[in-house]
Amino acid sequence: MLKFILRRILVMIPQLFILSILIFLLAKAMPGDALTGQLASNPKMDAQTLHELKQKLGMYDPYYVQYARWIKGLLHGNLGMSIIHQTPVTSLIAGKMWNTVLLGAAVLILSYLIAIPLGIIGGRWTDTWADKMIVGYNYLTYATPLFIFALLMLFIFGFVLGWFPTSGSVDIRVENGTFAYYMSKLNHLILPALSGAIVSTTVTIQYLRNEIIDTKIKDFVKTARAKGVSESKVYTRHIFRNSLLPIAAFLGYDIVSLIGGSVFLESIYGYPGIGQLFLTSIMQRDFSVVTALVMISGLATLIGTLLSDIILSAVDPRIRIE
Amino acid sequence: MKAELTDQKQPKVKKQKKQHGVLSIMWREIVKDKLALGALILLGLILIIVYGVSLLLDQDKIVTVDFLSIYSPPSAEHWLGTDYGGRDILGQLIIGAKNSFTIGLCITLLTGLIGLTVGLIAGYFGGRTDNIIMRIIDFFLILPTLMLIIVFVTIAPKYNVFYFILIMSLFLWTGKARLIRSKTLAERELDYVSASKTLGTPDWKIIIREVLPNLSSIIIVNLTLNLAGNIGIESGLTYLGFGLPESTPSLGTLVSYATNPDVLENKWWIWLPASLLILVMMLCINYIGQALKRAADARQRLG
Amino acid sequence: MAFLKVNNLKVYYPIRGGFFRRVVAHVKAVDDISFELNQGETYGLVGESGCGKTTTGRTIMGLIKATSGEVLFENQDLLKMNRRDFNQHRKDIQMIFQDPYSSLNPRKRVLDIVAEPLRNFERLSPAEEKKKVQFYLEKVGLNPEAIYNYPHEFSGGQRQRIGIARALTLKPKLIIADEPVSALDVSVQAQVLNFMQDIQKEFNLTYLFISHDLGIIQHMCDRIGIMYRGQFVEEGTSRDIYTNPQHIYTKRLISAIPDINPENRENQMKLRQEINSEYKNSYDKYFNAEGKVYNLKPISDTHLVALP
Amino acid sequence: SGGKKDGKKSTTSTEKAKEDIGQFPKEVKNDNKVVEDGTLNYGLVYDTPFEGTLNYAFYQGDEDAKVLQFFDIPLFTINEDYEMTNDGPATYELSKDHKTITVKIKDNVNWSDGKPVTAEDYEYSFLVIGNKDYTGVRYGDALMQSIVGMKEYHAGKAKRISGIKIIDDKTLSITFEKANPALLTGLWSYAMPKHYLGDVPIKDLAKSDKIHKKPIGFGPFKIKKIVPGESVEFERNDDFYAGKPKLKSIVLKVVNPKVILQAMKKGEVDVAEFPTDQYAAAKGSKNFQFIGKIDLAYNYIGFKLGHWDAKKGENVMDNPKFQDKRLRQAMAYALDNKTVGEKLYHGLRFPATSLIPPSFPSWYDENANGATYDPEKAKKLLDEAGYKDVDKDGLREDPKGKKFKINFLSMSGGDIAEPLAKFYIQCWKDVGLDVQLVDGRLAEFNSFYKMVQEDNPKVDVFAAAWGTGTDVDPYGLYGRDANFNYSRFVSEKNDQLLADGHSEQAFDHNYRKKVYDEWQAYMNDEMPVIPTLFRSIIYSVNNRVTGLNADHEIDALGWFNVGVTSETPEVN
Amino acid sequence: MSNQPLLQIQNLRTSFRIGDDYFAAVDDVSLTVNENEVVAIVGESGCGKSALAMSIMGLHPQERTKLEGKINFKGKNLLSLSTNEMNKVRGKEIGMIFQDPLTALNPLMTCGKQIEESMTVHTNMSSEAKRKRTIELLKKVGIPNPERTYKQYPHELSGGMRQRVVIAIAVACDPLLVIADEPTTALDVTIQAQIMDLLKDLQNQTKTGIILITHDLGVVAEMADRVAVMYAGEIVEIADVHTLFKNPLHPYTRSLFNSIPSSTSTKDRLHVIQGIVPSLKNLPRSGCRFKDRIKWIGDKEHEVNPLLREVSPNHYVRCTCYKNFHFSDEDVGDMNYGIS
Ligand SMILES: Nc1ncnc2c1ncn2[C@@H]1O[C@H](COP(=O)(O)OP(=O)(O)OP(=O)(O)O)[C@@H](O)[C@H]1O
Ligand SMILES: Nc1ncnc2c1ncn2[C@@H]1O[C@H](COP(=O)(O)OP(=O)(O)OP(=O)(O)O)[C@@H](O)[C@H]1O
Ligand SMILES: [Mg+2]
Ligand SMILES: [Mg+2]
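Residues numbered from 1 in each chain as written. Chains lettered and ligands numbered in written order. Predicted model: local features only at pLDDT ≥ 70, side-chain atom pairs only at ≥ 80, totals over all residues. Heavy atoms only, no water.

1. Overview of the nonpolar core
Grouped burial of nonpolar side chains is what soluble globular proteins tend to show.
Thought 1: If you look at the biggest cluster of nonpolar residues, it comprises 262 residues, and the most contacted ones within it are M331(D), F408(D), Y424(D), W428(D) and Y478(D).
Thought 2: In terms of residues, this core owes the most to one element, helix α14 (residues 268-296) of chain B, which gives 15 residues.
Thought 3: Taken together, domain 1 (31-78) and domain 2 (94-272 + 302-315) of chain A each give at least three residues to this core, which thus spans both.
Thought 4: If we ignore the near neighbours within four places in the chain, the residues touching Y478(D) are Y298(D), L355(D), W466(D), N485(D), F489(D), N494(D), L498(D), W519(D), M523(D) and V529(D).
Thought 5: Of all hydrophobic cores here, the second largest spans 101 residues; its members include A40(E), A168(E), I169(E) and A180(E). (Core = buried A, V, L, I, M, F, W, Y, C linked by side-chain atoms within 4.5 Å. Buried < 20%, exposed > 50% of the residue type's maximum accessible area, 1.4 Å probe, protein only. Helix = DSSP H or I, 4+ residues; strand = E, 2+ residues; numbered from the N terminus. Domains from an automatic or database assignment. Contact = heavy atoms within 4.5 Å.)

Below is the structure:
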């Protein structure tokens, strides 16, 4: 097991390395730099000073020098400085990352909490009205873009009904670390997480439903029935567990799509996180932030796939990792 | 899709009474399933209208701004009203549907083609080839796709439908490659492949003539279901400001106008028709896809 | 002078493990076997599941790479040939597969299936090709009109014949039949077996017949080799093996054949028990310290047994 | 189409401008009694989390400035032309030769940690900006560099800036190399708490927690808590020099522009800069009102007349394509900016008539008439200039009879960008000009500036905007050696007028007014850039708010007077 | 011991829905099984053997299947039981052994747990007691290291071992009747022999009735007391094993016997039954269903409405065609037949 994890990590390193080169080159291929945007609104700058400033920031160095500097920093755990925000990327990302992780985890958990029962109902009672409703729900969420859905949720539950706060991740007026603080965090989390979760249930429901339909006719289910196991037990003990396996295998992919989806959720709910940060950083050409975030999400994905492999091996005795 | 069905079917049917190709089984399955047949007809109708009418429409005229009729609700002149540039929504809807469908179709086909080639090669040869290809695919998996798409969109010299398709396809083929690979791996173990080998058939011929046809139903089903997902694919990017230019209307663009709360609340004619059209097309394609899926899986066939 | 001679053939499958997934051990699927086939005879290869029969057959066909050894076909070592030469020689060796369902491409018409080898090795006009295909279909007892049909429209036995027709188009000299009837129903089995005997006469074929069903082997084969865990334990003519089995493993195999006469069932069961206990008790007599069998030793002109 | 309008002439733009901005009061109306210790919710309308470089010398994004306004303020108040006045935390006096300014900080002006704001603090901010390790963008200002001794200090040759002298604890003088009236609008007027920041090396200052997490200022409020990226809680600075601010606390929250209207209606936000594209939908709301002013900015369309010679550091006007000013004028007359302002911006923008926006009431030439929409005149000018439709395809050819194609670069961003660009192209087409978008699409922000800055030959005409800042002097945007002079227009006369505009003589208000009037007329004639739109900036304000002024963001006392008249916001 | 048979199937007809119609896969089958009796059902693939077995167990999907007739088991008609009542019978009173040991076991459960499950359902045994009994069972079915196997997962076992586990599941609650659907078909000869011996042993110990489904006549000869030969959904011949093997009457039975290679008939041609089993949809629904496959026997020799008749005590044959049946002189069955 330990060996397996180590080996996987060993494989990760070159992947991340290639990723770092790729993203670095891409970043440099984008037109403009971090200073351009600043000057558009603040034209009090002579050409000489601009030149000086760029020199100071190392923008004229050859790419490989910049890359070497960056990778060296990276190895020392230093992700560089954000030119726009004038602060180390590490501290810029740190706070936001926890928000995104929190949001992502909440989306994932909620989406499983919703999708698994629905998938099970749909798979077990195929072609009943409940199943048809679930399939309908599935088509609807599949067809609705996340950002529209999130906005609708915000309008309905945030503004019209007023059940949930409409922006931010926590009420600033509560004391950090108190019970009220965590409740407030939770309260701010529910709506964005729910929006993300509902939209992302589609794949899970569909997959689970199909999987149950397939498993239902397997021979070992017949064996179980022949033992006299009651119908509900047949499902709980034999069908569901087997059908849920592939879902565990999806975890790694889910993490990738969560990072993508976080951009929308964070912007609409004013939830400070790295998805939004990435988007602005790209537009502002704050490359150190962009590269850092790409590396982080790459790493997260790798860890996600590793995690799903480990989970899978834990629940499926046929897969053994040494 | 449709053209393919009829093209291949007609001549063979004439020649002989029985036809057992994938397509005819699928066709039979669709005809058996009233819902799928209805969906096929509806989709066909939509596409004929969309592609037909968009030939007649003057695209330049539709995207011409007219500040005198901004946000006008549906009327005799503008059946579905206008947007904030005074542009006719119906026209945009039709051209948008055409663009979106074309985009969806091209992305689906392109990713299908790449995924197929890569997946077949990896799965058939296995061993080291497979290993290398799988490492590449793994690498694609860790790429933050949305982020990179944005980067690519930004650095693309010309951003139009063609580039959009290329960029999206670049990132979306891996899933298909994985699917095809795993199916090929299974298929390769079957004796008919061994048989072909013992008969001296070269590998490339085995891949194309033997393995590929046996994956065809899976491929068709997968592509169909994918097509449904790819129809609204650009809407998210439009929301983020990286969608196609407005001079290239698409359903996604129309839908993402709804992010303006005023439009969402009060100007339904801008986004609702596009949303419904996406939904209807997706439903149609999905129903067809479900029928095809049953055709691919003999156990579930209706007849 | 042998037609096909297999010398010291070994086929090992690697088992990977450890940190870098290096090869840590091998499955010795075929572990040093030698035998030879004479032209026109049917040689049976028998043994329990997993003993390496299929591996042997497929290695001779070139579908699996041998670890070491020689496969001399008409005095030329197939294993040392390059791809092109090998393909030329392979024409003479063909295979009948176990599963008549998976060995025919379900997406191809009979015509295309049977014509496949022709298209690879000969340039024929479509009309000639069709004629040839129909000729062989007729030979295997199928309606030549059926060339436009798909495999799933045929019964298992018919499919097996299509597979045979395909193999015959290249006029092979040796046919390796890997459990050609074990997936077939009793009545259909008979059909295929009869037919194989027919064409053997007609085309002067040599068979390497692989099966675990001793009844069938006995019915079909002139000489028989008994395999156990990748090695031969006994080899001899049908008569040698059935009437005078020497190795305990052979005896076990034979005693496992159910007797068709219900009157004998008690005896049969007793016999099995006796042999089983003998197998347990005298294990050391037949297997060396590593659990391997001994080298084959002749006990008559035709009969070889692996005894110390 | 929009270009073909009815024949009736529009009223002059100036009148229109007044009318439009007239619909927004500059100050919020609310006569109710202010409640003690109220709390106000401020909405920072922004679709990304703010970052918080909370110092005037270092901040870069507008959103940081919006946080700064509450707790850190400039030393001077300003008049309506944005000139410094003596009603704020500090007073100033100009020497006779107009080269030295002496600043005296009022005695009771203290940092929110209780320490007094000293002359040294003021000097320190210059020392930071001028330092060679400084990583911000404020040093580029010409005025900053013209402080005596600044260049030596910047080069590391001097320990201090010789032109800045500390006279006593609260007084210092700054001497400039040249007398320049821009001094009154452009002087750096922010102090930095030296006792607090002094021990941080200047190169590390920008990333220091003292700027990002625990900044201090001497404004009416001080920071109580920051939740990074989303909200800031301010509490009253009881020690504020001008007295006790009316509000007890202010909570600033980032609000996505898409939901600001809902947030206003619900009363979740009391004050916010309101996005113009939602104004139409917000107009009828009852629980909040709008205040507004004309923004310190204008939109324009520039012609690429030459290129920037980096070696010499000046603009060279050498592109033949648009040298005929009749062509430039014609293109200006062809644009129906009135319709744009009314229909697309709901009156929040209106046709620009000169290159100095009306937000500088003293300098803006009320009689400048720019190029008011007049397609007939445009056609006549084109005919005169020899751009005639020779091959009768409805599009004019150049005087040599060759196809004449104009490449137009316009920036993406915002919903309105695309129809606006389309509309302009249509307008030009209506007078027979074949204009096409560069690369067939709107350019993304960075690509846009890259192409414009590098004088990319693909670009003939570009649509852009300038924020002028509070300093009216257009030299930095149109001077011969100004890199930002993107049209690359140069002429002796222009040089002369611009130089006169910031000469010592220009401390004479009337003289300066005359020069700028002349410059505005000259530019309207030469038309190297077409001023297209002036804009208003509007704030949505809940009815319970009092004392808020549209200048609050730059006014030193902006938030001091703001109060609320009920505990809870009004809800729609 | 009562005289009442353990299981009495009367005129069972099992029909499956294909498209919109129902087609009978088991047609008018009557069969009895007594205590301590092994009844073998033989027939070609697709003749309805499994369908019959699943009908007894009530395991056909209800929405697609129609069951008519009666299945009396210990005095109650299984067809009229509710699912709950049926669950009490399944596993406890009737055990079932499936053909493919690879797929018949849940890959995610240990073998021990899977065996215990039927005890959990039907008894109140403590978990320790269950464990003990399971290990005992494993020992009984001849697993050499039952403690280890108890904890192993199916994929860790060989095919023969798995089949033993399947058998252990079937007999876990000492059922009165065991239905074994091709228990040895997937196994090779040596293992088949072991499993046969095992089943025989178990049966000798517990005196259960066994329905043994197979197409291997050798297995029948070794195991069965009585044999029913099925063809195309119908039983065409029933007799006790000695009678049947000595004196098979129905043309189908006789053909079957003639088509197996045996030590007594070396290198001779084997008999081949002409044609193939028609698919469910194409089954002839009237007259002798075997008629098409013995074309040289004239139409007149067949009954119009063939019935299962007792031709000698306890020997039943369907259709009169057996009386004149002879094997065809030419080997017509072998060559040139069209495609169904
Ligand atoms: N690709 C492979 N990798 C590893 N081991 C293999 C592979 N193929 C076969 N083996 C092993 O080699 C041995 C011989 O297998 P082979 O298929 O030749 O047996 P067989 O006698 O044909 O058995 P059966 O009667 O089941 O067909 C078996 O133990 C099998 O597990
Ligand atoms: N659920 C079902 N729906 C439709 N047809 C079925 C179903 N189950 C079985 N059949 C059909 O019923 C007939 C009898 O099938 P059954 O499985 O009982 O045959 P069998 O004698 O057990 O064959 P085998 O030896 O292959 O197991 C076959 O034609 C089969 O295709
Ligand atoms: Mg084998
Ligand atoms: Mg069966």
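Text resumes after the structure shown.
2. Section: the site of ligand 1
All names here are of chain C.
Thought 1: Neighbouring ligand 1 are Y13, V27, A29, S49, G50, C51, G52, K53, T54, T55 and E179.
Thought 2: Within the backbone of G52, an N or O atom sits 3.0 Å from an oxygen atom of ligand 1.
Thought 3: Contact between ligand 1 and T55: an oxygen atom at 2.3 Å from a side-chain N or O atom of the residue.
Thought 4: Contact with the protein chains covers 60% of the free accessible surface of ligand 1, which is 640 Å².
Thought 5: Of all elements in the fold, only β2 (22-37) and α1 (53-61) reach the threshold of two or more residues within the shell around ligand 1.
Thought 6: Tallied by class, residues from the shell around ligand 1 come to 4 nonpolar, 5 polar and 2 charged. (Near = heavy atom within 4 Å. Polar contact = N/O pair within 3.5 Å; in protein donor to acceptor, adjacent residues only side chain to side chain. Areas by Shrake-Rupley, 256 points an atom, 1.4 Å probe, with all protein chains shown as cover. Nonpolar A, V, L, I, M, F, W, Y, C, P; charged D, E, K, R; others polar.)

3. Remarks on the sheet that holds strand β11 (residues 308-312) of chain E
Residue and element names in this part refer to chain E.
Thought 1: Strand order across the open sheet formed by 8 strands is β6-β7-β8-β3-β9-β10-β12-β11, with mixed pairing between neighbours. Looking at the sheet topology across the chains shown, the edges are occupied by β6 (94-97) and β11. When the angles between neighbouring strand axes are averaged without regard to direction, this sheet yields 20 degrees.
Thought 2: Seen against the sheet, helix α6 (residues 159-171) touches β6 and β7 (177-181) and runs at an angle of roughly 170 degrees to β6. (Pairing = 2+ DSSP bridges. Axes fitted to C-alpha atoms, helices over the stretch in contact; angles between N-to-C directions.)

4. So, the site of ligand 2
Residues and elements named next belong to chain E.
Thought 1: All residues in the neighbourhood of ligand 2 are listed as F16, A25, E44, S45, G46, C47, G48, K49, S50, A51, E182 and L280.
Thought 2: A distance of 2.6 Å separates an oxygen atom of ligand 2 from a polar atom in the side chain of S45.
Thought 3: Here an oxygen atom of ligand 2 sits 2.8 Å away from a polar atom, N or O, in the side chain of E182.
Thought 4: Bound to the protein, ligand 2 loses 69% of the 640 Å² it would expose on its own.
Thought 5: Among the elements that take part in the shell around ligand 2, helix α1 (residues 49-57) stands out by supplying 3 residues, more than any other.
Thought 6: Taken together, the residues that form the shell around ligand 2 break down as 5 nonpolar, 4 polar and 3 charged.

5. Some remarks on the interface of chain A and chain D
Thought 1: In this complex, chain A contributes 53 residues to the contact, which on the side of chain D involves 60 residues.
Thought 2: Between chain A and chain D, the buried area comes to about 4,500 Å², and carbon and sulfur atoms account for 55% of it.
Thought 3: Three residues stand out in chain A for area buried against chain D, namely K44(A), Q86(A) and I172(A), and they jointly supply 17% of the buried area on that side.
Thought 4: Remark: the boundary between chain A and chain D carries 1 salt bridge.
Thought 5: The salt bridge partner of E444(D) is R285(A), with a shortest N-O separation of 2.9 Å.
Thought 6: Considered class by class, the residues forming the side of chain A that touches chain D number 24 nonpolar, 21 polar and 8 charged. (Buried area = accessible area lost by both parts, 1.4 Å probe. Salt bridge = Lys/Arg side-chain N within 4 Å of Asp/Glu carboxyl O.)

6. A short note on the packing of aromatic side chains
Thought 1: Under the defined criterion, the tally for this structure stands at 66 aromatic pairs over all chains.
Thought 2: The interplanar angle of 45 degrees and the centroid separation of 6.1 Å between the aromatic rings of F155(A) and F159(A) together place this pair among those described as tilted. With a gap of 4 residues between them, F155(A) and F159(A) both fall in helix α7 (residues 146-160), about one helical turn apart. The pair formed by F155(A) and F159(A) is uniform in burial state, with each residue classed as buried.
Thought 3: Here Y300(D) and F462(D) contribute two aromatic rings whose centre-to-centre distance is 5.9 Å and whose plane-to-plane angle is 80 degrees, an arrangement assigned as edge-to-face. With Y300(D) in strand β12 (residues 288-303) and F462(D) in strand β18 (residues 461-467), this residue pair connects regions lying 162 residues apart in the sequence. Both residues of the pair, Y300(D) and F462(D), belong to the buried class.
Thought 4: One aromatic cluster in this structure is built from Y298(D), Y300(D), F445(D), F448(D), Y449(D), F462(D), W466(D), F484(D) and Y486(D).
Thought 5: Across from the ring centre of Y22(E), 4.7 Å away, lies the NZ or CZ of K66(E), which sits over that ring. (Phe/Tyr/Trp six-rings, centres within 6.5 Å; stacked < 30°, edge-to-face > 60°. Lys NZ or Arg CZ within 6 Å of the ring centre and 35° of its normal.)

7. So, the pairing of β6(E)
Residues and elements named next belong to chain E.
Thought 1: Here β6 shows a buried face lined by I94 and M96 and a second buried face lined by G95 and I97.
Thought 2: Where β6 and β7 come together, 4 bridges link them in parallel fashion. Its bridge partner being in β7, M96 is matched across the sheet by I179.

8. Notes on the state of the cysteines
All names here are of chain E.
Thought 1: With the rule as written, the count across this model stands at 0 disulfides over all chains.
Thought 2: The structure places no disulfide on C288, whose sulfur is separated from the nearest cysteine sulfur, that of C319, by 3.8 Å.
Thought 3: Overall, the relative accessible area of 7% leaves C288 in the buried class. (Disulfide = S-S within 2.5 Å.)

9. Points about the side chain of S196(B)
Thought 1: Its location among the elements puts S196(B) in helix α9 (residues 191-198).
Thought 2: Among residues more than four places away in sequence, those in contact with S196(B) are T201(B), I206(B), E210(B) and E116(C).

10. Some points on the packing of helix α5 (residues 89-124) of chain A against helix α13 (residues 287-315) of chain A
Residues and elements named next belong to chain A.
Thought 1: It is at 10 Å that the axes of α5 and α13 come closest, and there the two elements cross at 50 degrees. For the element pair α5 / α13, the angle class is oblique. As for the relative orientation of α5 and α13, their crossing is right-handed in sense. Along the contact surface, α5 presents V89, L92, I93 and M97, while α13 presents S288, V289, A292, L293 and I296.
Thought 2: Its residues assigned to classes, the contact of α5 with α13 comprises 8 nonpolar, 1 polar and no charged. (Parallel < 35°, antiparallel > 145°, perpendicular 65-115°, else oblique. Left-handed = near helix turned anticlockwise from the far one by under 90°.)

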